[in-house]
Amino acid sequence: MRPILLQGHERSLTQIKFNAEGDLLFSCSKDNIINVWYSHNGERLGTYEGGNGSVWTIDVDSESRFMVSGAADNTMRLWSVQTGKCLYTWEFPTAVKRVAFKDDDSQVVCITEQRMGHQCAIRVFNINREGDGTNQSKEPLYMFNPIGSKATVCAFTPTPNVIITGHESGKVALFNVKTGEEIDNNERAHGDVVTDLQMSKDGTYCITSSKDKSARIHDTKNLMVIKTYTTETPLNSAALAPDRPYVLLGGGQEAMSVTTTSLRQGKFETRFWHKVFEEEVGRVKGHFGPINTIAVHPQGTCYASGGEDGFVRVHHFDDSYLKAKPYGDLEIAD
Amino acid sequence: EDAAEESNVSAELIALRKRLVDEWNAWRALCKKEHAEERGHKHEKVRESEEEKEEIE
């Protein structure tokens, strides 16, 4: 499994995302820039410039037509994937920490930070797909302030008007975006900040990662914890491998507490765990700092990791990985 | 004796894994069924409202 190193960011990566076909990989960083790469060879296709702050989050629609980003300059931006032009900019009182498209591309949900007298807010915007995309409504369709601990991550669930959120306290919750009502919660889903949340293909379950060193699979309907993966390092990201019974976990201690030798050796590892048996099955080394974000190709043929070291590494799986049945012939539903 | 013990352990492990896979697959089947029903329900609703519209017209 030879990695491709993508060099194009000057500061740490914050989120990476494949498009639906998996031919493109989007990356955003604290260097204010968003890049798009060909996933098969790592060639850079383009750059989305114009923001004035760390870009915290990105998402791409299912047609690879629009990309949405959220940044420390208190803006959420809509971009044309093809031309690289910024089509629309929404401005907020505080930074945008997370954005996510609905699976039918009709809406975007975003989280803005709690700061300077402003509460953490969750807003849902309609995305007007008519015309060239520049005609968007300034005002959100829905807006509310989640009660209690502030939200760090979110995504739409298959249930209409219901989103799932992860919080600073470790809580995972379901909210009705129309009313702002917290429909259900699991206060003890994690013991520390929820750092990532990625949905399964059909949205019926999701995986979360946390600084509490664990990742968990939750049923998105009732928030039941289905699986737990406990590691020995704080986790920043967790991803599901489609059609394979694995989950990929990444994280690592902050650079301050790491010895210089391990920094030099690129010892930060992506951990592969068996999704059903909750056993670690392998690790891939390479990053020189904590892994901040992991994404798996939608067809499961490769994965990418983005690090605190400013690099994105793309790993194409060997045939042996795709054919391997490390625990016998048991058929495992995706 | 050791070998016998080892094979016992692996038999237990195999049984455990079989059970875990069965539980997982059962939960997935339930999720998929509910998901499909909800989608069907949604479509029905859309159809109903379309029919209503037609009647009004």
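Since this is a predicted model, take the numbers as computed values, not measurements.

**Q** Quick question: what am I supposed to make of the overall build of chain A here?
**A** Counting secondary structure elements, chain A contains two helices and 28 strands. What you see for chain A is a C-alpha radius of gyration of 19 Å, in line with the 20 Å of a compact globule of 334 residues. Across the 334 residues of chain A, 58% fall into the buried class. Put simply, of all contacts in chain A between residues at least 6 apart along the chain, 45% involve residues at least 24 apart. When the accessible surface of chain A is split by element, carbon and sulfur atoms take 46% of a total near 13600 Å². With 35 positive and 42 negative side-chain charges, chain A shows a separation of 4 Å between the mean positions of the two kinds.

**Q** I tried to follow the interface of chain A and chain B on my own but got confused; where do I start?
**A** Contact residues are listed per partner, giving 22 residues for chain A and 15 residues for chain B. Both sides together, the interface formed by chain A and chain B hides about 1700 Å², and carbon and sulfur atoms give 60% of it. In this assembly, chain A and chain B are joined by four salt bridges. Between R17 of chain B and E279 of chain A there is a salt bridge; the shortest N-O distance is 3.1 Å.

**Q** Is there a simple way to explain the pattern of salt bridges in this structure?
**A** Once their charged atoms are close, side chains differing in charge can pair, the charge on each being opposite to the other. Residues and elements named next belong to chain A. Inspection of the entire model under this criterion finds 22 salt bridges over all chains. The salt bridge involving E182 is made with K171; its shortest N-O contact spans 2.7 Å. Taken together, the residues span a long stretch of sequence, with E182 in strand β17 (residues 182-186) and K171 in the loop between β15 (162-167) and β16 (172-176) at a distance of 11 residues. The pair E182 / K171 is uniform in exposure class, with both members buried. The shortest N-O distance in the salt bridge between R283 and E232 comes to 3.0 Å. Note that R283 is positioned in strand β25 (residues 280-287) and E232 in the loop between β21 (225-230) and β22 (235-240), a separation of 51 residues in sequence.

**Q** Help me out: how do you make sense of the sheet that holds strand β28 (residues 312-316) of chain A in this one?
**A** Pairing between sheet strands relies on hydrogen bonds along the backbone, with the strands arranged either parallel or antiparallel. Residue and element names in this part refer to chain A. Spatially, four strands are ordered β1-β28-β27-β26 in an open sheet, and the strand pairing comes out antiparallel. The outermost strands of the open sheet, each flanked by one partner alone, are β1 (3-6) and β26 (291-296). Neighbouring strand axes in the sheet, compared pairwise and without regard to direction, differ in orientation by 20° on average. As paired elements, β26 and strand β27 (residues 302-307) share five bridges and run antiparallel to each other. The residue bridging V296 from the neighbouring strand is Y303, located in β27.

**Q** Explain the nonpolar core to me, please; I cannot follow it from the model alone.
**A** A general feature of soluble globular proteins is that nonpolar side chains tend to end up buried together. Ranked by size, the top nonpolar core spans 20 residues in total, and within it I207, I217, Y229, V247 and L249 of chain A carry the most contacts. Listed by contribution, the elements that provide at least two residues to this core are β19 (205-210), β20 (214-219), β21, β22 and β23 (246-251) of chain A together with α1 (2-56) of chain B. Broken down by element, this core gets its largest block of residues, five residues, from α1 of chain B. Non-local contacts of V247 of chain A, meaning those with residues more than four positions away in its chain, are made with I207, I217, Y229, A239, L240, R271, F272, W273 and K275 of chain A.

**Q** Looking at this model, I keep getting lost on the UniProt feature "repeat: WD" (unreviewed entry) in chain A. Mind explaining?
**A** UniProt tags residues 6-47, 48-89 and 284-314 of chain A as "repeat: WD" (unreviewed entry). The distance separating the terminal C-alpha atoms of residues 48-89 of chain A is 13 Å; by composition the span is 0% helix and 55% strand.

**Q** Can you walk me through unusual backbone geometry in this structure?
**A** Keep in mind that most residues, glycine aside, have a negative phi and that most peptide bonds are trans. Residues and elements named next belong to chain A. Look at N74: it is not a glycine, yet its phi comes out positive at around 65°. With respect to the secondary-structure elements, N74 resides in the loop between β7 (66-71) and β8 (75-80). Residue N74 is classed as partly exposed on the basis of its relative accessible area of 22%. We note that D105 has phi near 65°; this positive angle belongs to a residue other than glycine. Within the secondary structure, D105 sits in the loop between β10 (96-101) and β11 (107-112). We classify D105 as buried; its relative accessible area is 4%.

**Q** Would you mind showing me how to read the side chain of S149 of chain A here?
**A** Residue and element names in this part refer to chain A. The residue S149 is located in the loop between β13 (142-144) and β14 (151-156) in this model. Given the relative accessible area of 19%, S149 is considered buried. Looking at S149, its side chain comes within polar contact range of the main-chain nitrogen of E168, at 3.3 Å. Side-chain polar atoms of S149 contact the backbone nitrogen of S169, separated by 2.9 Å. Ignoring anything within four residues of it in the chain, the contact list for S149 reads H167, E168 and S169.

**Q** It is not clear to me how the side chain of T233 of chain A should be interpreted in this structure. Could you clarify?
**A** All names here are of chain A. Positionally, T233 belongs in the loop between β21 and β22. Accessibility expressed as a relative area gives 8% for T233, which makes it buried. At a separation of 3.4 Å, a polar atom in the side chain of T233 contacts the main-chain amide nitrogen of G252. For T233, the contacting residues outside a window of four places in its chain are K213, G252, Q253 and R271.

**Q** Please explain the environment of T165 of chain A as it appears in this structure.
**A** Residue and element names in this part refer to chain A. With respect to the helices and strands, the residue T165 is situated in strand β15. The exposure class of T165 is buried, given its relative accessible area of 0%. Measuring from C-alpha to C-alpha, the distance between T165 and L197 comes to 8.1 Å, with 32 residues separating the pair along the chain. When near neighbours in sequence (up to four residues on either side) are disregarded, T165 contacts I122, V153, C154, K171, V172, A173, F175 and L197. A distance of 2.7 Å separates the side chain of T165 from the side chain of H167, its partner in a polar contact.

Parameters and conventions
Residues numbered from 1 in each chain as written. Chains lettered and ligands numbered in written order. Predicted model: local features only at pLDDT ≥ 70, side-chain atom pairs only at ≥ 80, totals over all residues. Heavy atoms only, no water. Helix = DSSP H or I, 4+ residues; strand = E, 2+ residues; numbered from the N terminus. Rg over C-alpha atoms; globule rule 2.2 N^0.38 Å. Buried < 20%, exposed > 50% of the residue type's maximum accessible area, 1.4 Å probe, protein only. Contact = heavy atoms within 4.5 Å. Areas by Shrake-Rupley, 256 points an atom, 1.4 Å probe, with all protein chains shown as cover. Lys, Arg positive; Asp, Glu negative; His and termini not counted. Charge placed at Lys NZ, Arg CZ, Asp CG, Glu CD. Buried area = accessible area lost by both parts, 1.4 Å probe. Salt bridge = Lys/Arg side-chain N within 4 Å of Asp/Glu carboxyl O. Pairing = 2+ DSSP bridges. Axes fitted to C-alpha atoms, helices over the stretch in contact; angles between N-to-C directions. Core = buried A, V, L, I, M, F, W, Y, C linked by side-chain atoms within 4.5 Å. UniProt positions renumbered as here; feature names shortened; annotations may be inferred. Polar contact = N/O pair within 3.5 Å; in protein donor to acceptor, adjacent residues only side chain to side chain.

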